[in-house]
Amino acid sequence: MTSETAQLTIDGVVYELPVVESSTGEKAVDIRSLRNQTGCITLDSGYMNTGSCISNITYLDGERGILRYRGYDIADLAKNCIFIEVAYLLLTGELPTYDELEVFKRDMRRYALIHEDMIHFFDHFPPNSSPMSILSTMVGTLHDFYPEMDLDEDPYGGITTTTARLLSKIRTIAAFSYKKNVGHPLVYPRVDLNYCSNFLNMMFDRPIMPYNVEPLMVSALNKILILHADHEQNCSTSAVRLVGSSGAGLYPSISAGINALWGPLHGGANVAVLRLLETIRADGGTIDKYIARAKNPDDPFRFSGFGHRVYKTYDPRATIVKEICHDIMSSLEIQDPLLDLAMEIEEKISKDEYFISRNLYPNVDFYSGIIYRAMGIPTNMFTVMFALGRLPGWIAHWQEMNNNKESRRIGRPRQVYQGVAHRPYVALERRQ
Ligand code: CMC
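Bear in mind the structure is a predicted one, so any value in this text is a computation, not a measurement. (Residues numbered from 1 in each chain as written. Predicted model: local features only at pLDDT ≥ 70, side-chain atom pairs only at ≥ 80, totals over all residues. Heavy atoms only, no water.)

> I keep staring at the layout of surface pockets and nothing clicks. Help me out?
Over the atoms a probe the size of a water molecule is rolled, and this reveals where empty space is left. Considering only enclosed or pocket space, the second largest pocket measures out at about 480 Å³ in volume. Trp398, Gln399, Glu400, Asn402 and Asn403 are the residues nearest the centre of the second largest pocket, which is lined by 25 residues in total. Take the lining of the second largest pocket: its biggest share by element is six residues, from helix α18 (residues 382–403). In the lining of the second largest pocket, the residues fall into eight nonpolar, 12 polar and five charged. Among the domains, domain 1 (5–66) and domain 2 (72–401) are the pair contributing at least three residues each to the lining of the second largest pocket. (1 Å grid on protein atoms, 1.4 Å probe; cavity = no way out; pocket = protein on both sides within 12 Å on 5 of 7 lines; lining within 4 Å. Points joined across faces, edges and corners; volume = space filled by probe spheres on them. Helix = DSSP H or I, 4+ residues; strand = E, 2+ residues; numbered from the N terminus. Nonpolar A, V, L, I, M, F, W, Y, C, P; charged D, E, K, R; others polar. Domains from an automatic or database assignment.)

> Where do I start with a nonpolar patch on the surface in this structure?
Residues Ile41, Leu43 and Val416 make up a contiguous nonpolar surface patch of roughly 260 Å² in combined accessible area. Mapped onto the fold, Ile41 is located in the loop between α1 (34–38) and β4 (58–61). (Patch = residues over 30% accessible without salt bridge, like charges linked within 9 Å, V, L, I, M, F, W, Y side chains within 5 Å. Areas by Shrake-Rupley, 256 points an atom, 1.4 Å probe, with all protein chains shown as cover. Salt bridge = Lys/Arg side-chain N within 4 Å of Asp/Glu carboxyl O.)

> When you look at the site of the ligand in this model, what are you seeing that I'm missing?
The immediate surroundings of the ligand are formed by 17 residues, with Leu265, His266, Phe303, Gly305 and Arg309 found nearest. In the environment of the ligand, a nitrogen atom lies 2.8 Å from a nitrogen or oxygen atom belonging to the backbone of Leu265. One of the side-chain nitrogen or oxygen atoms of Arg302 is found 2.9 Å away from an oxygen atom of the ligand. Contact with the protein chains removes 74% of the 930 Å² of surface that the ligand exposes when unbound. Each residue belonging to the shell around the ligand can be placed in one class, and the counts come to seven nonpolar, six polar and four charged. (Near = heavy atom within 4 Å. Polar contact = N/O pair within 3.5 Å; in protein donor to acceptor, adjacent residues only side chain to side chain.)

> What's the story with the domain arrangement of the protein in this structure? I'm lost.
Where interface size is quoted, it is often the accessible area lost as the parts come together. Domain parsing of the protein yields domain 1 (5–66) and domain 2 (72–401). Once you take the C-alpha centre of each, domain 1 and domain 2 turn out to be 32 Å apart. Listed per partner, the contact involves 16 residues of domain 1 and 17 residues of domain 2. Summing the contributions of domain 1 and of domain 2, the shared interface buries around 1200 Å²; its carbon and sulfur component is 60%. When the buried surface of domain 1 facing domain 2 is broken down by residue, Ile57, Thr58 and Leu60 rank first, second and third, together holding 44% of it. Counting every contact that joins domain 1 to domain 2 gives zero salt bridges. (Contact = heavy atoms within 4.5 Å. Buried area = accessible area lost by both parts, 1.4 Å probe.)

What follows is the structure, given as structure tokens:
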């Protein structure tokens, strides 16, 4: 809290509201006492301008294109770390030492199996079920197979047995949901493989066609998961916090986050981008037609993969995703016409007044699907990949919310009611 206050005048009466300052100097007017002082609430649909909590996890400056986890720049982490090192950072607040990382890796291997009874569930989803619906359901059922412990062991100071289990098992669930979707036998986790290699092996190893874990793919997967690992109070993270604030456990809260991520305006955008690129290509590559549609206020069509609530400049994650995309394509000598099309779209949009004036730049989802395609990951798994990456962030926020008396309050927004104020009851026989 600073000594500064903000003044608000309502009906000629001046009210003083405290001002809170962030560690990077942004100010926020603390309106928690507003209703008691004035009888008024604030109205902010879509939470465009509402700080829902005080957090120490991730810093995002949308005007300058800065993203930092626990103070470290995203580019440094993506360049130098593996995914679970960053998960450790988000969860505990510090990068692990060599020994801590080795213990954490061992735990990721130790918890990788899922209860055999859970496997029966996979058999009963209808064919072609969405891997997102399977993922959220199965994560919810972890609550019953692995009851969360009140006095959970916390050997790392921020990573309990429950969280370590979830981090490890989610990969197995994700890979099994893919195998069930394509009707192939399940591939179990291997004790000799690390986090990302194990996931790729569970996805792509087949009895008749053993999979050779390709270091380039492992490195790309580590980077892309790091880029998705947290993004402060986005829709799915807010869902996790909100559900958790009711006292719901970790697994049901994360299951809610997975469902929130699914939509095409959030994590589902990576699927929407791919579908759009395919549509434009099938339509003869007519980009201008789609740009015209995006600009037409009467047409709900939007260019998926462009724009962001917070970034008003190039999304720093998109810069790195684009680099990874080019690295993979050139190293593996892959020609993907969708990459050429994506670059052509970006080029055209970057010169278009409509997009320039609204600060609409490519976001993390614009190029990520092309990388997944190069890895052999099918389109309906793209948002599952986002969920795997976002998991440490969700858990870190759930923990932070639970450990803080103020933010642990049940999330319960108010509303401005504009329905009928009051009317007398009309008996059924007299209704017209
Ligand atoms: N294509 C065309 N026009 C757009 C787009 C787009 N992708 N995004 C925003 N606009 C326009 C919008 O029509 C509006 O124009 P006007 O002022 O004339 O009405 C203006 O830009 C502001 O848009 P908004 O909807 O008020 O902005 P928002 O902050 O509520 O929405 C967004 C942010 C990400 C939902 C939106 O930009 C969008 O729908 N993008 C496409 C979906 C997408 O790529 N989502 C992934 C986001 S990154 C991953 C993640 O963190 O979830």
